[in-house]
Amino acid sequence: MRNITVLGSTGSIGRSTLDVISRNRESFRVVALTAGSNIKLLESQIRQFKPGIVAVADAKTAGELAKKVRKIDILSGPDGISQVAAYAGSDFVISSIVGAAGLMPTVAAIKAGKNIGLANKEALVMAGELVMKIAARKKVRVIPVDSEHSAVFQCIGNHTPDQIHRIILTASGGPFVNRTLKDLKNITAQDALKHPNWSMGRKISIDSATLMNKGLEVIEACRLFNMPAGKVDVLVHPQSIVHSLVEFSDRSCLAQMSVPDMRGPIAYALSYPLRVKDPIPALRLDQIRTLTFSVPDLKTFPCLSYAYLALAEGGTMPCVLNAANEVAVHAFLHGRIGFTHIPAVIRKTIDGHEAVPASSLGRILEADRWARETAEKYISRLRK
Ligand code: NAD
Ligand code: MG
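1. Thoughts on the overall build of the protein
Argument step 1. A tally of regular secondary structure across the protein gives 17 helices and 11 strands.
Argument step 2. Its C-alpha radius of gyration of 20 Å places the protein within 12% of the 21 Å reference for a compact globule of 384 residues.
Argument step 3. Dimensions of the protein along its principal axes, counting C-alpha atoms only, are 55 × 55 × 40 Å.
Argument step 4. When burial is assessed residue by residue, the protein has 55% of its 384 residues classed as buried.
Argument step 5. When contacts within the protein are restricted to residue pairs at least 6 apart in sequence, long-range pairs at least 24 apart make up 69% of them.
Argument step 6. Distance between charge centres in the protein, computed from 48 positive and 33 negative side chains, equals 4 Å.

2. Some thoughts on the coordination of the magnesium ion (ligand 2)
Argument step 1. Taken together, Asp-146 (OD), Glu-148 (OE) and Glu-217 (OE) make up the full set of protein donors to the magnesium ion (ligand 2), lying 2.1 to 2.2 Å away.
Argument step 2. Taken in sequence order, the residues that donate to the magnesium ion (ligand 2) follow the motif D-x1-E-x68-E. Taken together, the residues span a long stretch of sequence, with Asp-146 in the loop between strand S7 (142-144) and helix H7 (147-156) and Glu-217 in helix H11 (residues 212-225) at a distance of 71 residues.
Argument step 3. Residue classification places Asp-146 among the buried residues on the basis of a relative accessible area of 8%.

3. Notes on the site of ligand 1
Argument step 1. Surrounding ligand 1, one finds 22 residues, the nearest of these being Thr-10, Ser-12, Gly-36, Glu-122 and Gly-201.
Argument step 2. Gly-11 places a polar main-chain atom, nitrogen or oxygen, 3.1 Å from an oxygen atom of ligand 1.
Argument step 3. Here an oxygen atom of ligand 1 and a backbone polar atom of Gly-201 are 2.8 Å apart.
Argument step 4. Computed on the free molecule, ligand 1 has an accessible area of 830 Å², of which 84% lies beneath the protein chains in the complex.

4. Remarks on the nonpolar core
Argument step 1. Within the largest apolar cluster, 90 residues are counted, with the highest numbers of intra-cluster contacts made by Leu-103, Leu-321, Phe-332, Phe-339 and Ile-342.
Argument step 2. Among the elements that line this core, the one with the most residues is helix H15 (residues 317-333), at 12 residues.
Argument step 3. Filtering out sequence-adjacent residues up to four positions away, Leu-321 remains in contact with Met-212, Leu-216, Ile-219, Tyr-306, Ala-307, Ala-310, Ile-346 and Ile-350.

5. A few points about the domain arrangement of the protein
Argument step 1. The assigned domain composition of the protein is domain 1 (2-145), domain 2 (159-259 + 285-302) and domain 3 (314-384).
Argument step 2. Counting residues at the interface gives 11 residues for domain 1, matched by 13 residues for domain 2.
Argument step 3. Between domain 1 and domain 2, a total of about 1,000 Å² is buried, with carbon and sulfur atoms accounting for 68% of that surface.
Argument step 4. When the buried area of domain 1 at its contact with domain 2 is split by residue, Lys-121, Leu-124 and Val-125 rank highest and sum to 49% of it.
Argument step 5. Here domain 1 is connected to domain 2 by three salt bridges.
Argument step 6. In this structure, Glu-217 engages Lys-121 in a salt bridge whose closest nitrogen and oxygen atoms are separated by 2.8 Å.
Argument step 7. Here domain 1 and domain 2 share four residue pairs in polar contact (both at pLDDT 80 or more) between them.
Argument step 8. Those elements that provide at least two residues to the side of domain 1 that touches domain 2 are helix H6 (121-137) and S7.

6. Here we look at the packing of aromatic side chains
Argument step 1. Under the defined criterion, the tally for this structure stands at five aromatic pairs.
Argument step 2. Here Phe-153 and Tyr-268 contribute two aromatic rings whose centre-to-centre distance is 6.3 Å and whose plane-to-plane angle is 75°, an arrangement assigned as edge-to-face. On the criterion of sequence distance, the pair formed by Phe-153 in helix H7 and Tyr-268 in helix H12 (residues 263-271) is long-range, its members being 115 residues apart.
Argument step 3. Accessibility expressed as a relative area gives 10% for Tyr-268, which makes it buried.
Argument step 4. Through pairs of rings, three or more aromatic residues link up here, namely Phe-153, Tyr-268 and Tyr-272.

7. Some words on the pattern of salt bridges
Argument step 1. All told, the structure shown has 23 salt bridges when counted by the stated rule.
Argument step 2. In this structure, Asp-146 engages Lys-121 in a salt bridge whose closest nitrogen and oxygen atoms are separated by 2.9 Å. Here the residue Asp-146 occupies a position in the loop between S7 and H7, and Lys-121 occupies one in helix H6, the gap between them amounting to 25 residues. Across the pair, Lys-121 and Asp-146 agree in class, each one buried.
Argument step 3. Residue Glu-122 is joined to Lys-203 by a salt bridge in which the shortest nitrogen-to-oxygen separation is 2.8 Å.

8. Examining the sheet that holds strand S1 (residues 2-7)
Argument step 1. Strand order across the open sheet formed by seven strands is S4-S3-S2-S1-S5-S6-S7, with parallel pairing between neighbours. With partners counted over all chains shown, the strands left at the sheet margins are strand S4 (73-76) and S7, one partner each. Each adjacent strand pair in this sheet contributes to an overall mean axis angle of 25°, direction not counted.
Argument step 2. Relative to S4, strand S3 (residues 53-56) runs parallel, the two sharing four bridges. The residue bridging Ala-55 from the neighbouring strand is Leu-75, located in S4.
Argument step 3. The sheet strands contacting helix H3 (residues 59-66) are S3 and S4, and the helix crosses S4 at an angle near 165°.

9. Re the packing of H15 against helix H17 (residues 361-383)
Argument step 1. Between H15 and H17, the shortest axis-to-axis distance is 8 Å and the interhelical angle comes to 40°. Looking at the two axes, H15 sits oblique to H17. Judged by the sense of rotation from one axis to the other, the crossing of H15 with H17 is right-handed. Two secondary-structure elements touch here, H15 through Cys-319, Val-320, Ala-323, Ala-324, Glu-326, Val-327, Ala-328 and Ala-331 and H17 through Ile-364, Ala-367, Asp-368, Trp-370, Ala-371, Arg-372, Ala-375, Glu-376 and Ile-379.
Argument step 2. Here the contact of H15 with H17 is composed, by residue class, of 13 nonpolar, no polar and four charged.

Cut-offs used in this document
Residues numbered from 1 in each chain as written. Chains lettered and ligands numbered in written order. Predicted model: local features only at pLDDT ≥ 70, side-chain atom pairs only at ≥ 80, totals over all residues. Heavy atoms only, no water. Helix = DSSP H or I, 4+ residues; strand = E, 2+ residues; numbered from the N terminus. Rg over C-alpha atoms; globule rule 2.2 N^0.38 Å. Buried < 20%, exposed > 50% of the residue type's maximum accessible area, 1.4 Å probe, protein only. Contact = heavy atoms within 4.5 Å. Lys, Arg positive; Asp, Glu negative; His and termini not counted. Charge placed at Lys NZ, Arg CZ, Asp CG, Glu CD. Donors = N, O, S within 2.8 Å, 3.2 Å for Na, K, Ca; no water. Near = heavy atom within 4 Å. Polar contact = N/O pair within 3.5 Å; in protein donor to acceptor, adjacent residues only side chain to side chain. Areas by Shrake-Rupley, 256 points an atom, 1.4 Å probe, with all protein chains shown as cover. Core = buried A, V, L, I, M, F, W, Y, C linked by side-chain atoms within 4.5 Å. Domains from an automatic or database assignment. Buried area = accessible area lost by both parts, 1.4 Å probe. Salt bridge = Lys/Arg side-chain N within 4 Å of Asp/Glu carboxyl O. Phe/Tyr/Trp six-rings, centres within 6.5 Å; stacked < 30°, edge-to-face > 60°. Pairing = 2+ DSSP bridges. Axes fitted to C-alpha atoms, helices over the stretch in contact; angles between N-to-C directions. Parallel < 35°, antiparallel > 145°, perpendicular 65-115°, else oblique. Left-handed = near helix turned anticlockwise from the far one by under 90°. Nonpolar A, V, L, I, M, F, W, Y, C, P; charged D, E, K, R; others polar.

In structure tokens, the structure reads:
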């Protein structure tokens, strides 16, 4: 029996995680949950899974929840969420808060020696070298939940880094694959939220539409698998069946395939090194028949190339890239800027940053704060 904590249990990954657990109660028990502000859903999750402790984003939400559920510890705020992440009764933490808010709870869980199923890619983009160093020191396993990285992890198996020639991450291309820059000018948030293959949270859906999601994933792959940027490539594969590939030194390639359903990689992370029975429907290649691959269009979707720029700069630059993207996506979702302004805001912000070594969480959080302020100033100027 594994005792599981789910950080961000009311989100898309959180709900899929609880779905996998609910079908495998003999193997997994939920002991702790955290959520932002959706207490209606959290309340029903508490009734179904009976965790001993929960945390929510703020004290007011915690107060409202306390009126509805009994016999449970309710914490609140970033510190409360980090405390739950480190909860002594848990053996494994699914880190699925969206954005920079996921960094400190993930670090808290690692410092407490919990093995991690990592969906929150932003934590690794901001502070990947540091996070992986702390994980190594604590002998903590970071098992990717992101489908591409789960694929790479499964393909690498027991191969050593010197046997890997390169990693090829696949990208669906998002809802606007094959569109021109002109087509993208009048895209609305509603258009951008309609992903062809995956149903996901709002932020990652926009990241998929700009290809920034793939940029964040290139950085995530470099940190998770200790690879230089030159060994991580991207191919557009609109069918989302091949989740990624590893090319080995003998030029043999292994790929991992399945139907696009996040319960697959979630179940793999929860049960590693074993496998759960039937978390997703079987793949019918005879019905799919055609799998295609092409190089990404970086002129129309420059966000991916900005991720490579940030990796080349190193230090605090990936953190600044991530923060500028979060601010720009938030502004786009609230109708404050257009779709094509997202890359412009990111470019302007990274161009204005002098990277310093990302040697402490303090430096990283300072770079994050600076980038948010700078991106916000640029957005205000755009609106005038
Ligand atoms: P989501 O928006 O659906 O859910 C986010 C969760 O985080 C919710 O429970 C929300 O309440 C919580 N949260 C948000 N802000 C918070 C804050 N400030 N403090 C505390 N909790 C907060 O997002 P999602 O699509 O589930 O994505 C979660 C993470 O997983 C992201 O990092 C994303 O990139 C990654 N991921 C998602 C998918 C997917 O299919 N959805 C696939 C791969 C990776
Ligand atoms: Mg992914």
